[in-house]
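A look at the structure
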Amino acid sequence: MKFFQNLFAKDSGIKIGAPVSGTLVSIKEVSDPTFSDEILGKGAAVIPSSGRICAPADGTVSTVFPTGHAATLTTEDGVEILIHVGLDTVKLDGKHFTIHAQEGQKVSKGDLLLEADIEQIKAEGYDTITPVVICNSDDFSEVHLSEPGEVSQGDEMISLQK
């Protein structure tokens, strides 16, 4: 009987959590066409209510931008995730960002990667919307986004099927 349960069990897929608490929105709502037109890949975005940017899945930190405004992570399942805190925030040259992770570091879902002073970034006139992009989304047969609304850090926001 167990054989048949395994044979017909639906693969639940790969789950990607929200890297930050806030409001989950469609990537189409990001005012930068690099993200909204899915040039870098499919994804979603979070309007953050906190500045703690955490690993959305278990994996390895691929890149941490020296300015602290973005990081990439490759999960154990081979998902390449870009987390980009705010729009044009690279222009802040690291101001209001603290880096907590380093390239090559193994991380678990929920580990702190970056911190951003959201209020100070807003005060400087920057949009803090945080796109989360699956850079290799073409490698997956299905990319499902959770319903827009409030999310806590770690809540599922994207699920993928190989």
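This section reports on the structure supplied with the text. The shown structure was predicted, so the numbers you read here are calculated from the model rather than taken from an experiment.

Basis of the calculations
Residues numbered from 1 in each chain as written. Predicted model: local features only at pLDDT ≥ 70, side-chain atom pairs only at ≥ 80, totals over all residues. Heavy atoms only, no water. Pairing = 2+ DSSP bridges. Helix = DSSP H or I, 4+ residues; strand = E, 2+ residues; numbered from the N terminus. Axes fitted to C-alpha atoms, helices over the stretch in contact; angles between N-to-C directions. Salt bridge = Lys/Arg side-chain N within 4 Å of Asp/Glu carboxyl O. Buried < 20%, exposed > 50% of the residue type's maximum accessible area, 1.4 Å probe, protein only. Disulfide = S-S within 2.5 Å.

1. Section: the sheet that holds strand β1 (residues 14–17)
Judged by pairing direction, the sheet is antiparallel, and its 3 strands sit side by side in the order β1-β14-β12 without closing on themselves. The two strands at the open ends of the sheet, each matched to only one other strand, are β1 and β12 (142–145). Looking at each pair of strands side by side, their axes are set apart by 20° on average, direction ignored. Of the pairings in the sheet, the one linking β12 to strand β14 (residues 156–161) comprises 4 bridges and is antiparallel in character. Considered in β14, the bridge of valine 143 is made with leucine 160.

2. Some points on the pattern of salt bridges
Using the criterion set out here, one finds 3 salt bridges in the structure. Note that glutamate 38 and lysine 42 form a salt bridge whose closest N and O atoms lie 4.0 Å from each other. Relative accessible area serves as the criterion here: at 25%, glutamate 38 is assigned to the partly exposed category. With its nearest N and O atoms 2.8 Å apart, the salt bridge here joins glutamate 124 to lysine 95.

3. Description of the side chain of serine 159
When you line up the elements, serine 159 lands in strand β14. Overall, serine 159 belongs to the buried group, its relative accessible area being 11%.

4. Examining the state of the cysteines
In this structure the tally under the stated criterion is 0 disulfides. This cysteine, cysteine 135, is not joined by any disulfide, and cysteine 54 carries the nearest cysteine sulfur, 19 Å off. A relative accessible area of 35% means that cysteine 135 is categorised as partly exposed.

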